[in-house]
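# Remarks on the overall topology
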Amino acid sequence: MYGDCQVISSMGGNVVSSETLFSSPIQNPNFNFLPFQPLPPMIPLKQKEENGLLLRGKEEMDSGSGSEQVEEKSGNEQESTEQPPKKKRYHRHTARQIQEMEAVFKECPHPDDKQRMKLSQELGLKPRQVKFWFQNRRTQMKAQQDRSDNVILRAENESLKNEFYRLQAELSKLVCPNCGGPAVPGGISFEELRIENARLREELERVCAIASRYIGRPIQTMGAAPALMPPSLDLDMNMYPRHFTEPMASCTEMMPVPMLPETASFPENNLVLVEEEKTVAMELAMSSMDELVKMCRTNEPLWIRNNENGRELLNLEEHARMFPWAPSNLKQRSTEFRTEAGRDSAVVIMNSVTLVDAFLDANKWTELFPSIVARAKTVQVVSAGVSGTNGSLQLMYAELQVLSPLVPTREAYFLRYCQQQNLDDETYWAIVDFPIDGFHNNLQASFPLYRRRPSGCLIQDMPNGYSRVTWVEHAEIEEKPVHQIFSHFVYNGMAFGAHRWLAVLERQCERVASLMARNITDLGVIPSPEARKNLMRLAQRMIRTFCVNISTSSGQLWTALPDSADDTVRITTSKVTEAGQPNGLILCAVSTTWLPYPHDQVFDLLRDERSRSQLEVLSNGNALHEVAHIANGAHPGNCISLLRINVASNSSQHVELMLQESCTDRSGSLVVYSTVDVDSVQLAMSGEDPSCIPLLPLGFFITPVELIRDASDDQGKSVPPSEEANGHISGSLLTVGLQVLASTVPSAKINLSSIAAINNHLCTTVHQITAALSSSTAPSCPDNGIGVLGSCTEPASAPEK
């Protein structure tokens with residue numbers, strides 16, 4: 001059982017024979033013997049006997065026995081020194097004795113005197129024999145362990161030597177990127193490098209000592225505080241995955257660019273309602289619910305329909321007469337706040353129960369409105385209600401966004417109340433949001449100040465899983481100036497109004513229906529319906545990442561470029577260390593331009609991979625081929641595409657893919673895409689967690705905008721085909737968002753050449769898009785200040801409302 005063995009190295013898997021093991025000298029003071037060799041004839045007799053005892057001891061240990069039984073000598077034999085000693089007879093232990101002692105050895109390798117005495121009586125041995133057996137057994141175990149450790153260490157040493165030789169060979173092949181010579185010059189030893197390093201350190205300490213005399217405080221050197229000296233890199237655009245037309249000029253001047261924190265947390269107000277406040281909140285919930293239901297079911301004169309666009313606007317005077325108890329009507333209206341109120345209704349492909357569940361879950365609500373809700377959370381469940389829905393009252397926080405850094409986000413704490421009601425013998429679900437600042441003033445003020453008055457929706461079930469949704473959006477916003485290019489979009493209530501909320505809800509319900517579909521037959525390269533669902537979830541994360549990164553959410557700061565003619569170009573940088581995006585420093589640039597073309601025409605150009613491949617700045621001259629297509633709704637533009645980038649270097653071993661999702665509705669359109677590798681797509685389709693797949697999306701946000709022009713400006717000027725006879729200009733706002741991984745080092749810095757390059761890339765993109773649109777329609781643009789390229793050419797801006 002404990003005889004010779006073979007030891008397999010964990011490093012290389014080599015088999016070492018027992019001869020090799022026993023031939024290795026073991027440096028062990030407790031087991032100091034060597035393999036037996038014939039001794040010279042002149043060795044004294046006593047030494048011969050000792051060597052013989054050692055040899056016999058080794059044989060007994062190999063057989064599993066380590067003790068001896070020596071016949072007792074007579075008195076004559078002990079006293080006689082002249083007669084040669086008789087040969088000692090050794091008796092091996094029986095199998096039972098060895099088995100019993102082995103069992104005791106496993107439990108207690110070091111038995112005391114009492115244990116040895118008891119064991120000797122049970123086995124019929126002397127205590128001295130038991131003691132010797134345990135000593136030999138311990139020595140044998142230690143020797144075997146030493147042999148095994150020796151073999152393992154030798155194998156590790158051999159592996160390290162091979163790795164050292166390999167790295168040394170690789171190092172000799174390195175080439176300096178600056179001079180083209182060897183990276184490590186020959187003839188310079190490590191000792192010389194240490195001496196040079198010590199000299200430079202002394203020089204640094206001397207300079208720091210001199211400088212500290214002038215500034216009045218000590219300066220820490222690199223050795224004292226290495227963590228305080230992060231690397232500072234001057235990045236150029238040559239490392240970006242896309243090509244730029246102008247070469248990069250060397251520039252050492254650094255431009256300050258705002259940095260987004262690595263993790264943007266929610267504002268902390270420690271806002272929790274106590275029992276007294278819960279009672280007040282429930283009373284406010286009932287009155288707000290009554291106000292919402294009446295606003296949803298009452299028509300004129302409470303609501304006035306705009307004959308030009310068909311949208312319904314709130315009659316504030318009639319509202320004050322109908323709801324005199326409303327907080328906004330109890331006090332005199334301030335000129336510092338502007339009221340935005342509107343109503344819209346539509347039929348969506350989702351039942352009421354699913355809709356209610358999505359509205360009461362902050363995460364699901366955020367996923368349902370990725371282009372509007374930047375972030376949201378449930379702060380406190382004031383009342384759970386019945387089954388978690390009917391009668392549920394929650395304290396929530398939300399940040400609402402427009403996909404442009406030119407429009408500030410709106411943050412608010414509010415209470416959300418859900419109740420099932422029977423109206424005219426029909427069952428409805430009503431969800432109302434109402435402000436909390438009326439009775440709880442311990443809130444962090446946002447900029448601009450935003451008060452969410454009773455707003456929400458009334459949901460009615462319809463056959464075949466559809467629902468009719470009537471949406472009311474009512475808010476008071478602090479009167480602050482908005483960038484001119486977005487002023488009409490914001491002041492008319494299109495940015496955060498009911499029309500946009502309901503349009504996005506319609507489209508997202510169609511997307512959810514497509515996600516849950518089971519009877520899909522045409523999958524293309526997608527292997528299964530489950531893989532299709534996983535790819536849709538990956539595209540959803542891409543859309544959400546793009547929307548958050550190009551807005552002012554989470555306190556993200558943006559810098560305006562000084563050479564932007566219309567002041568519509570913004571840039572920012574962010575440190576990314578979490579999964580989901582490439583880790584490092586990301587440079588983001590966003591530009592918004594007014595175009596005198598309908599938004600659906602711009603959308604059709606950008607979503608079609610064949611049309612977009614003709615734009616050199618977006619495709620680098622490479623053709624795109626669709627290998628998978630997922631429809632997300634009735635409109636052909638609502639789809640997800642997996643595109644193959646056909647480049648000259650594209651081989652079967654290296655295939656570049658592009659994941660793209662396009663979506664459109666009444667409020668606007670989105671085209672977002674990101675390059676992915678084949679392994680990431682296969683990982684997503686196989687059902688693995690796709691959150692670790694890095695995505696760096698780029699894209700476009702197209703918003704329809706109808707502007708009013710002064711008729712006197714048209715005298716003697718040509719009118720574009722998008723302009724109607726009544727003075728309305730049918731155009732669109734095109735927001736282009738670009739993101740590039742500037743460095744894999746999060747603490748790197750951006751220089752002016754990088755900023756100039758990405759700004760040039762933005763302008764070139766808008767130029768080529770405009771040229772492609774003009775070649776298809778050939779409009780003649782008026783020269784009244786309505787420019788086609790407001791941000792990249794001469795000063796041009798959208799016309800005043």
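Quick look at the structure, then.

Cut-offs applied
Residues numbered from 1 in each chain as written. Predicted model: local features only at pLDDT ≥ 70, side-chain atom pairs only at ≥ 80, totals over all residues. Heavy atoms only, no water. Helix = DSSP H or I, 4+ residues; strand = E, 2+ residues; numbered from the N terminus. Buried < 20%, exposed > 50% of the residue type's maximum accessible area, 1.4 Å probe, protein only. Contact = heavy atoms within 4.5 Å. Areas by Shrake-Rupley, 256 points an atom, 1.4 Å probe, with all protein chains shown as cover. Core = buried A, V, L, I, M, F, W, Y, C linked by side-chain atoms within 4.5 Å. Expected span 1.5 Å × (residues − 1). Salt bridge = Lys/Arg side-chain N within 4 Å of Asp/Glu carboxyl O. Pairing = 2+ DSSP bridges. Axes fitted to C-alpha atoms, helices over the stretch in contact; angles between N-to-C directions. Parallel < 35°, antiparallel > 145°, perpendicular 65-115°, else oblique. Nonpolar A, V, L, I, M, F, W, Y, C, P; charged D, E, K, R; others polar. Polar contact = N/O pair within 3.5 Å; in protein donor to acceptor, adjacent residues only side chain to side chain. Phe/Tyr/Trp six-rings, centres within 6.5 Å; stacked < 30°, edge-to-face > 60°. Lys NZ or Arg CZ within 6 Å of the ring centre and 35° of its normal. Patch = residues over 30% accessible without salt bridge, like charges linked within 9 Å, V, L, I, M, F, W, Y side chains within 5 Å. Arc of directions from axis to C-beta.

## Observations concerning the overall build of the protein
- On a plain count of helices and strands, the protein comes out with 20 helices and 24 strands.
- Considering the protein as a whole, with its 801 residues, one finds that 46% of them fall into the buried category.
- Sequence-distant contacts in the protein: of pairs separated by 6 or more residues, those separated by 24 or more amount to 68%.
- Total accessible area computed for the protein in this model is approximately 41900 Å², and 52% of it derives from carbon and sulfur atoms.

## Things to note about the nonpolar core
- By size, the foremost hydrophobic cluster in this structure holds 50 residues, and its most contacted members are W365, F369, W471, F486 and L505.
- It is helix α14 (residues 498-515) that contributes the most residues to this core, six residues altogether.
- With residues near it in sequence (within four places) discarded, W365 still touches A358, F359, V373, A376, M396, A398, F414, R416 and W501.

## Thoughts on helix α15 (residues 529-549)
- Here α15 spans 31 Å end to end across 21 residues, near enough to the 30 Å set by a 1.5 Å rise per residue.
- The element α15 is extensively covered by neighbouring structure, given that 16 of its 21 residues are classed as buried.

## Comments concerning the pattern of salt bridges
- Scanning the model with the defined rule gives 30 salt bridges in all.
- In this structure, R410 and E340 form a salt bridge, with 3.0 Å as the shortest nitrogen-oxygen distance. One end of the pair, R410, is in strand β10 (residues 410-423); the other, E340, is in strand β7 (residues 337-348), and 70 residues separate them in sequence. The pair R410 / E340 is uniform in exposure class, with both members buried.
- Between E661 and R511 there is a salt bridge, with its nearest N and O atoms 2.9 Å apart.

## Structural notes on the pairing of β10
- The element β10 is largely enclosed, with a buried count of 11 among its 14 residues.
- Across eight bridges, strand β9 (residues 393-400) lies against β10 in antiparallel orientation. Pairing of M396 across the sheet is with F414, part of β10.
- When β10 meets strand β11 (residues 426-435), the two strands line up antiparallel, connected through 10 bridges. Each residue of the ladder has a partner; that of Q421, found in β11, is Y428.
- Hairpin connection between β10 and β11: a loop of two residues separates the two successive antiparallel strands, and D424 in this loop has a positive phi of roughly 55°.

## Points about the pairing of strand β19 (residues 639-646)
- Among the eight residues that make up β19, six are buried, leaving the element largely enclosed by the rest of the structure.
- Both strand β18 (residues 623-631) and β19 contribute to a ladder of eight bridges, which runs antiparallel. From the neighbouring strand, E626 faces β19, where its bridge partner is L643.
- Where β19 and strand β20 (residues 656-665) come together, six bridges link them in antiparallel fashion. Bridging across to β20, R644 finds its partner in L657.

## Let's talk about the packing of α14 against α15
- At a closest axis distance of 10 Å, the pairing of α14 and α15 adopts a crossing angle of 150°. Regarding the angle of α14 to α15, the classification is roughly antiparallel. The segment α14 lies against α15, with Q508, R511, S514 and L515 engaging R532, K533, M536, A539 and Q540.
- The residue inventory of the contact of α14 with α15, partitioned by class, reads three nonpolar, three polar and three charged.

## Notes on the side chain of S743
- Here S743 is to be found in strand β23 (residues 728-743).
- A relative accessible area of 3% means that S743 is categorised as buried.
- In terms of polar contacts, S743 uses its side chain to reach the backbone amide nitrogen of V745, at 2.9 Å.

## Quick notes on the packing of aromatic side chains
- A full pass over the atoms with the stated rule returns 14 aromatic pairs.
- A centroid spacing of 5.8 Å and a plane angle of 55° characterise the contact between F164 and Y165, whose relative ring orientation is tilted.
- Here W471 and W501 contribute two aromatic rings whose centre-to-centre distance is 5.4 Å and whose plane-to-plane angle is 15°, an arrangement assigned as stacked. One end of the pair, W471, is in strand β14 (residues 467-478); the other, W501, is in helix α14, with 30 residues separating them in the sequence.
- Three or more aromatic residues joined by ring pairs form one cluster here, namely F359, W365, F369, F414, W471 and W501.
- Here the basic side chain of R137 rests over the ring of F105, its NZ or CZ set 5.2 Å away from the ring centre.
- Geometry around W365 places R416 over its ring, the cationic atom sitting 4.2 Å from the centre.

## Describing a nonpolar patch on the surface
- Residues V347, M462 and Y466 make up a contiguous nonpolar surface patch of about 210 Å² in total accessible area.
- Mapped onto the elements of the fold, V347 is located in strand β7.

## Some details on helix α4 (residues 95-107)
- An ideal rise of 1.5 Å per residue puts 18 Å on 13 residues; α4 measures up with 19 Å between its terminal C-alpha atoms.
- Among all positions of α4, only Q97, I98, M101, E102 and F105 are buried. Each buried residue of α4 lies within a common arc of 130° when the element is viewed along its axis, so the set occupies one face. Relative to its buried face, α4 has exposed residues pointing more than 90 degrees away, namely A95, Q99, K106 and E107.

## A closer look at the environment of A772
- Inspection of the secondary structure assignment puts A772 in helix α20 (residues 752-777).
- Sequence separation between A772 and R612 is 160 residues, and the spatial gap between their C-alpha atoms is 9.5 Å.

## Topic: unusual backbone geometry
- Residue P301 is bonded to the preceding E300 through a cis peptide linkage, with omega at 5°.
- Relative to the helices and strands, P301 is located in the loop between α8 (275-297) and β5 (303-305).
- Of note, the phi angle at D425 is positive, near 60°, even though the residue is not glycine.
- Positionally, D425 belongs in the loop between β10 and β11.
- According to the relative accessible area criterion, D425 is exposed, its value standing at 84%.

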